[in-house]
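# Fold and geometry: a report
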Amino acid sequence: MDSEIGCLIRFYAGKPHSTGSLERIQLSGMYNVRKGKMQLPVNRWTRRQVILCGTCLIVSSVKDSMTGKMHVLPLIGGKVEEVKKHQHCLAFSSSGPQSQTYYICFDTFTEYLRWLRQVSKVASQRISSVDLSCCSLEHLPANLFYSQDLTHLNLKQNFLRQIPSLPAARGLNELQRFTKLKSLNLSNNHLGDFPLAVCNIPTLTELNVSCNALRAVPAAVGVMHNLQTFLLDGNFLQSLPAELESMHQLSYLGLSFNEFTDIPEVLEKLTAVDKLCMSGNCMETLRLQALRKMPHIKHVDLRLNVIRKLIADEVDFLQHVTQLDLRDNKLGDLDAMIFNNIEVLHCERNQLVTLRICGYFLKALYASSNELVQLDVYPIPNYLSYMDISRNRLESVPEWVCESRKLEVLDIGHNQICELPARLFCNSSLRKLLAGHNQLTRLPERLERTLVEVLDVQHNQLLELPPSLLMKADSLRFLNASANKLETLPPATLSEETSSILQELYLTNNNLTDKCVPLLTGHPHLKILHMAYNRLQSFPASKMAKLEELEEVDISGNKLKAIPTTIMNCRRMHTVIAHSNCIEVFPEVMQLPEMKCVDLSCNELSEVTLPENLPPKLQELDLTGNPRLTLDHKTLELLNNIRCFKIDQPSAGDASGAPAVWSHGYTEASGVKNKLCVAALSVNNFCDNREALYGVFDGDRNVEVPYLLQCTMSDILAEELQKTKHEEEYMVNTFIVMQRKLGTAGQKLGGAAVLCHIKHDPVDPGGSFTLTSANVGKCQTVLCRNGKPLPLSRSYSMSCEEELKRIKQHKAIITEDGKVNGVTESTRILGYTFLHPSVVPRPHVQSVTLTPQDEFFILGSKGLWDSLSIEEAVEAVRNVPDALAAAKKLCTLAQSYGCHDSISAVVVQLNVTEDSFCCCELSASGAVPPPSPGIFPSSVNMVIKDRPSDGLGVPSSSSGMASEISSEISTSEMSSEVGSTASDEPPSGALNESSPAYPSEQRCMLHAVCLSNSFQRQLSSATFSSAFSDNGLDSDDEEPIEGVFINGSRVEVEVDIHCSRAKEKERQQSLLQVPPEASDEGIVISANEDEPGLPRKADFSAVGTIGRRRANGSVAPQERSHNVIEVATDAPLRKPGGYFAAPAQPDPDDQFIIPPELEEEVKEIMKHHQEQQQQQQQPQLQQQPPQRQYPVDQLPDYYDTPL
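Residues numbered from 1 in each chain as written. Predicted model: local features only at pLDDT ≥ 70, side-chain atom pairs only at ≥ 80, totals over all residues. Heavy atoms only, no water.

## Structural notes on the overall build of the chain
- Along the backbone of the chain there are 16 helices and 55 strands.
- In the chain, buried positions account for 56% of the 1203 residues.
- Summarising the internal contacts of the chain: among those between residues at least 6 apart in sequence, 54% fall at separations of at least 24.
- Summed over all atoms, the accessible surface of the chain reaches about 50,800 Å², with 49% contributed by carbon and sulfur. (Helix = DSSP H or I, 4+ residues; strand = E, 2+ residues; numbered from the N terminus. Buried < 20%, exposed > 50% of the residue type's maximum accessible area, 1.4 Å probe, protein only. Contact = heavy atoms within 4.5 Å. Areas by Shrake-Rupley, 256 points an atom, 1.4 Å probe, with all protein chains shown as cover.)

So this is what it looks like as structure tokens:
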């Protein structure tokens, strides 16, 4: 027989039918078996065929044969026990009063374990319940019918369907064999038609056939008289059969997300149903006459329809309706006075301008996100306890609100209210008042005793708080007055004794001065204090000493020079955030036992003083942005044990000598439970070209997904750029490929993402830069152009009309919390593959051409944009010169404004000028683009020099030095999770382009001119401690790094930055060999990346400041095309004690100096190598024009090691 025909026959015929290959047979074999009690001498051991089939144990009665009588032992509810008297022996027992026992001895220990594990699973199952959900079933498995006493069967999320050709024993018609079944779940399958077999199960009380593309319900369902719950959500139903009226016990009928245009009349007969569940249908008009005929309906759910009006039809009152849900409709006005017994009303996200409600029994009112200018409730609601009317256009608080005697929570935020009535604070029941984001200029002056516990008045125009506020508010526990114009604080008491129980105080972004600090001592129970971005210059030690219960303090963005030493009195302190100040002395916070997070970035620290033992709970220490900070290797070794230690990268500034086009800073902050569920990506020299890539990823409360996205998406984008140059095409493909990789890796969760790609057309070097943004979820980008925000992203959710329409077409269920199938709020997001096609990964893509009017752009996670508007974010950081400080400010503001989620913010500052584009002479092909701004050109030389006697410190990345260089040359890819990149100033020694050395050659601003009698260079300030790399030896590997020679612990890198693009291809230089040991630690040296004809070495420069996170919190560089998902094992990690994330500083007392006896030998080696270098370069120099030659004798003082 032909082999291809044989394959086809085997494919269509399926598996061969034999006993050993049946699906229901899980284990089988010939073993020694004994039946009954072990003590009886009558029973002997005999060798028999034993089979574990489904949920039963089958033992043959004839030796070595399957033809005789078979003994069947049901195992569900039974037990399996080890028999210690016999080796490899198990006892199998069935359940019930007439249980039987079989003893089986296995030949090997492996078989013994296999049978024990498998049978234990079967025996532990409930005899009445089977869960086969999400098993990819296309038909019912045969072993399902072994036990017909099932009462609960779950078959949801499979691929079951009505297939006529399917054998009868495997089809849905066999479900009627379960005569005791009470609950059956067939939701999310591909039925297409209603399974009639379920109508013949008389005991059925609960049936779920949601999301099965059903277009009709057969009349036969009327025979299910015992049915109590009938779920038909997510289908294409437009009507119901009249036979449903015979279901007298039916108490819940789910009709949400179908195609109904009116309320079905059959509901009038279903008197046991008390809730009308018809959300997500196609109702445009609500006819109240239909509701009047259903006096048994108390709860009406009509969310997500398209209702535009209510028609009364001479209906007086609907007294039976107590809960009405009209969220997400198209109502412009709502007169709900006809519902005179209404208790709970939901009407959020409509277009309401006026609202009238009957207040007799009203308990809760939800009317946020409308356009309300008038709200009338009559009579006064004496039972109203919760009211949310935020995000409307109200100019004042309705008078009747003050008269509501049981009102506990009032949310009037995001309105246009100018004044709060004094009577509001006199309400004896009011506990929580949210009045932020209004136009309040003052609060009531004379306040009587108030019982308010939570008061939020942020984002108003308050100049002061009432003098008696804190004295009268004895119950106040939480006060947020951030983003106002406060200059003073009211006193908590007029004497030394105080009754204040205030625990949380947020005063960020005001005009408070040092005079306010003494007033804080009136709150001895204060636990959280945020006073960031005020005008504080000092914090008296005596005042800090009295705040003994303080746990978290944020005093960033002030002008503090020190943190008082009396902070030692705050023994419960766990978080100290004091970035963007002028602090010079490291505080004594490391002696506090509960300390978890310390942020002292963007200060003026010069040294760090640590105790012998760090706090045991310390998780994060941020010291970035301290340009004068130097750390000895002993301190670094101690700090190495911190999970996340951040310090500036050693960087050489702008190698080209010209202002960089872009520079960035970023920050990340943990949310609830100290879980960092966000990640950031920054690649300043993307694809070794004049490109950059930035990204922010948010996993909501999932830690793994953001990390996978961070480590993978840059590689995917690089691959897609090889296939197409069209912005939208390669961005969309990147997200789709990422989705496939998440699914392949078995990752069921998901996350939001935003990518920003800056590119320059390589064919048109004189052209402009293009910024392309792509996002899914609630991670977004905003560009500041001429001081105004320009959104580049879009948040896809239920509020988008086209997205809601698409979701309805796919018949997904949107739960009451606004999530698709109760999982995610976003309709476009990465991951969540089981929600396809309702949730898709297709991003919103937008491209803009960068102009000189573009100042910066911001990438932020969900937590940032939920707390700050794009206008506020742009305004907040527009005048912050440093990108790192700008990102820090955004994070601090979001946290002070109430964000409790993880936050990630990336600020990329732009410097696009009219002459920022290279106009240098290109090669004939024009395919080689100019170098990327702010990175190394293609020619890089390693230079060894004597270390200066004064021992320079590491320049701060936040001080303007270019840490893009770290993606090319890095002594340690550090855990600088907050870093600022690029330089804004050219070196003072830059030469004028009009120099007579090159009178006929065109020059550009990006590439400085180098005279023939001088060689301009930029030295890297990357430094090693002698313990880290003495004489080229790695502290862990003890192997010399080839090509690296250390003298005085300083490595210097010289960069040829003269502009000779047309001549670069002619220069041939060898590459420095970097062993894996060096690259694992992050020592990355790349050169001649753009020169053809040279052997290409391993390049880890794809990612700049953010690389692969290690277990100790450091960041390792990524390999090219590195994919965490596709790599089975991660790269080997460093020992916990190694230096991982910080640039080790030269220690004068511990430096490696060349011994005198080896000095002559070293000089000979250097001289010999230099002679070889001259011989290799002489032919090349002769071929070049005279004005381009560089005499080697003019460089006698360095040792050239070509990269």
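Now, onward.
## Examining the pattern of salt bridges
- Counted according to the given criterion, the structure contains 32 salt bridges.
- Residue Asp-328 pairs with Arg-349 through a salt bridge whose shortest N-O separation is 2.8 Å. Here Asp-328, found in the loop between β18 (323-325) and β19 (333-336), pairs with Arg-349, found in the loop between β20 (344-346) and β21 (354-358); they are 21 residues apart in sequence, far enough to count as distant.
- Each of Lys-275, Asp-325, Arg-327 and Glu-816 takes part in one network of salt bridges that share partners. (Salt bridge = Lys/Arg side-chain N within 4 Å of Asp/Glu carboxyl O.)

## Structural notes on the confidence of the model for the chain
- Per-residue confidence for the chain gives a mean pLDDT of 76, with 72% of residues at or over 70.
- Averaged pLDDT values over the elements of the chain bottom out at 30 in strand β47 (residues 940-944) and peak at 97 in strand β24 (residues 386-388).
- Throughout residues 652-658 the model reports pLDDT below 50, and contacts reaching past four residues in sequence, or to other chains, amount to 32 contacts.
- The low-confidence segment residues 917-1152 (pLDDT under 50) makes 649 contacts with residues lying over four places distant or belonging to another chain. (pLDDT = per-residue confidence, 0-100.)

## Focus on the sheet that holds strand β41 (residues 780-785)
- The strand order across the open sheet formed by 5 strands is β36-β46-β45-β41-β42, and the pairing between neighbours is antiparallel. Each end of this open sheet is capped by a strand with a single partner; those strands are β36 (662-669) and β42 (788-791). Strand-to-strand twist of the sheet, defined as the mean angle between neighbouring strand axes without regard to direction, takes the value 20°.
- The strands touched by helix α13 (residues 870-877) are β41, β42 and β45 (854-860); relative to β45, the strand with the most contacts, the crossing angle is about 125°. (Pairing = 2+ DSSP bridges. Axes fitted to C-alpha atoms, helices over the stretch in contact; angles between N-to-C directions.)

## A look at the environment of Asn-733
- Note that Asn-733 resides in helix α10 (residues 727-744).
- Counting along the chain gives 109 residues from Asn-733 to Arg-842, while the straight-line C-alpha distance between them is 8.6 Å.

## Re the sheet that holds strand β23 (residues 374-378)
- The parallel open sheet is built from 3 strands, whose spatial order is β19-β21-β23. Sheet topology places β19 and β23 at the edges, where each strand pairs with a single neighbour. Here the average twist between neighbouring strands, direction ignored, is 10°.
- Where β21 lies against β23, 5 bridges are found, and the strand directions are parallel.

## Quick look at a nonpolar patch on the surface
- On the surface, Tyr-360, Phe-361 and Tyr-383 cluster together into a nonpolar patch covering about 330 Å² of accessible area.
- Along the polypeptide, Tyr-383 turns up in the loop between β23 and β24. (Patch = residues over 30% accessible without salt bridge, like charges linked within 9 Å, V, L, I, M, F, W, Y side chains within 5 Å.)

## Describing the layout of surface pockets
- In this structure, the second largest pocket occupies an estimated 1,200 Å³ of space.
- Lining the second largest pocket are 47 residues, and of these Gln-157, Asn-188, Cys-211, Ile-813 and Asn-821 lie nearest its centre.
- Residue classes in the lining of the second largest pocket are distributed as 15 nonpolar, 24 polar and 8 charged. (1 Å grid on protein atoms, 1.4 Å probe; cavity = no way out; pocket = protein on both sides within 12 Å on 5 of 7 lines; lining within 4 Å. Points joined across faces, edges and corners; volume = space filled by probe spheres on them. Nonpolar A, V, L, I, M, F, W, Y, C, P; charged D, E, K, R; others polar.)

## Some details on α10
- Helix length check: α10 (18 residues) gives 26 Å between terminal C-alpha atoms against 26 Å at 1.5 Å per residue, within 8%.
- All of the buried residues along α10 are Glu-727, Tyr-730, Met-731, Val-732, Thr-734, Phe-735, Val-737, Met-738, Gln-739, Lys-741 and Leu-742.
- Where α10 is buried, its residues meet α9 (704-721), β39 (750-760), β40 (769-776), β43 (830-831) and β44 (844-849). (Expected span 1.5 Å × (residues − 1).)

## Here we look at the nonpolar core
- If you look at the biggest cluster of nonpolar residues, it comprises 157 residues, and the most contacted ones within it are Leu-175 and Leu-355.
- Among the elements that take part in this core, helix α4 (residues 399-403) stands out by supplying 3 residues, more than any other.
- Counting 30 residues, the second-largest nonpolar core is a separate cluster that includes Cys-602, Phe-856, Ala-876 and Ala-885. (Core = buried A, V, L, I, M, F, W, Y, C linked by side-chain atoms within 4.5 Å.)

## Points about the pairing of strand β38 (residues 692-698)
- Most of β38 sits inside the fold, with 7 of its 7 residues counted as buried.
- The side-chain alternation of β38 yields two buried faces, one formed by Ala-692, Tyr-694, Val-696 and Asp-698 and the other by Leu-693, Gly-695 and Phe-697.
- As paired strands, strand β37 (residues 678-683) and β38 are joined by 6 bridges and run antiparallel to one another. Residue pairing for β38: Ala-679 is matched across the bridge by Phe-697.

## Considerations on the environment of Thr-179
- Its location among the elements puts Thr-179 in the loop between β9 (152-154) and β10 (183-185).
- Residue class for Thr-179 comes out partly exposed when judged on its relative accessible area of 46%.
- With 21 residues separating them in the primary sequence, Thr-179 and Asn-200 have C-alpha atoms 8.7 Å apart.

## Quick look at the packing of aromatic side chains
- One pass over the full model with this rule turns up 12 aromatic pairs.
- Residues Tyr-31 and Phe-106 carry aromatic rings whose centres are separated by 4.8 Å and whose planes lie at 65° to one another, so their mutual orientation is edge-to-face. Taken together, the positions of Tyr-31 in strand β1 (residues 25-35) and Phe-106 in the loop between β7 (101-105) and α2 (109-124) put the pair 75 residues apart, joining distant regions of the chain.
- Given a relative accessible area of 2%, Tyr-31 falls into the buried group.
- Classification of Phe-106 as buried rests on a relative accessible area of 4%.
- Members of the aromatic cluster, each reached through a chain of ring pairs, are Tyr-31, Phe-92, Phe-106 and Trp-115.
- Geometry around Phe-236 places Arg-215 over its ring, the cationic atom sitting 4.4 Å from the centre.
- Sitting over the ring of Tyr-796, Arg-828 keeps its end group 4.1 Å from the ring centre. (Phe/Tyr/Trp six-rings, centres within 6.5 Å; stacked < 30°, edge-to-face > 60°. Lys NZ or Arg CZ within 6 Å of the ring centre and 35° of its normal.)

## A look at the packing of α9 against α10
- Where α9 meets α10, the axes come as close as 9 Å, and the angle between the chain directions of the two elements is 130°. Taken as axis vectors, α9 and α10 run oblique relative to one another. Crossing of α9 against α10: the hand is right-handed. For the pair α9 and α10, the contacting residues are Leu-708, Leu-709, Thr-712, Met-713, Ile-716, Leu-717, Glu-720 and Leu-721 in the first and Tyr-730, Met-731, Asn-733, Thr-734, Phe-735, Val-737, Met-738, Lys-741 and Leu-742 in the second.
- Here the contact of α9 with α10 is composed, by residue class, of 12 nonpolar, 3 polar and 2 charged. (Parallel < 35°, antiparallel > 145°, perpendicular 65-115°, else oblique. Left-handed = near helix turned anticlockwise from the far one by under 90°.)

## Here we look at the environment of Gln-228
- By the secondary structure assignment, Gln-228 is in the loop between β11 (206-208) and β12 (229-231).
- Note on Gln-228: relative accessible area 34%, which makes it partly exposed.
- For the pair Gln-228 and Leu-207, spaced 21 residues apart in sequence, the C-alpha separation works out to 8.5 Å.
- Among residues more than four places away in sequence, those in contact with Gln-228 are Thr-205, Gln-249, Leu-250, Ser-251 and Tyr-252.

## A short note on unusual backbone geometry
- Residue Tyr-378 is joined to Pro-379 through a cis peptide bond whose omega torsion reads -5°.
- For the bond from His-836 to Pro-837, the omega torsion is 5°, close enough to zero to count as cis.
- Locating Pro-837 in the fold gives a position in the loop between β43 and β44.
- Phi is positive for His-88, close to 55°, though the residue is something other than glycine.
- Its place among the elements puts His-88 in the loop between β5 (79-83) and β6 (89-93).
- Of note, the phi angle at Ala-483 is positive, near 55°, even though the residue is not glycine.

## Points about α9
- Between its terminal C-alpha atoms α9 stretches 26 Å, which fits the 26 Å expected from 18 residues at 1.5 Å a residue.
- Of all the bends in α9, the largest measures some 35° and sits at Thr-712.
- Of all 18 residues that make up α9, 14 are buried, and the element is covered over most of its length. (Bend = angle between axes of the 7 residues up to and from the residue.)

## Considering the packing of α13 against helix α14 (residues 883-896)
- α14 packs onto α13 with a crossing angle of 135° between their chain directions and a minimal axis gap of 9 Å. On the basis of the axis angle, α13 is oblique to α14. In this structure, the crossing between α13 and α14 has a hand that is right-handed. Taking contact as the criterion, the partners of Ala-873, Ala-876 and Val-877 in α13 are, on α14, Ala-886, Lys-889, Leu-890 and Leu-893.
- In terms of residue class, the contact of α13 with α14 is made up of 6 nonpolar, no polar and 1 charged.

## Thoughts on the pairing of strand β46 (residues 903-910)
- Taken across its 8 residues, β46 has 8 buried, putting it largely inside the fold.
- Of the pairings in the sheet, the one linking β45 to β46 comprises 5 bridges and is antiparallel in character. Opposite Ile-858, over in β46, you have Val-907 as the bridge partner.

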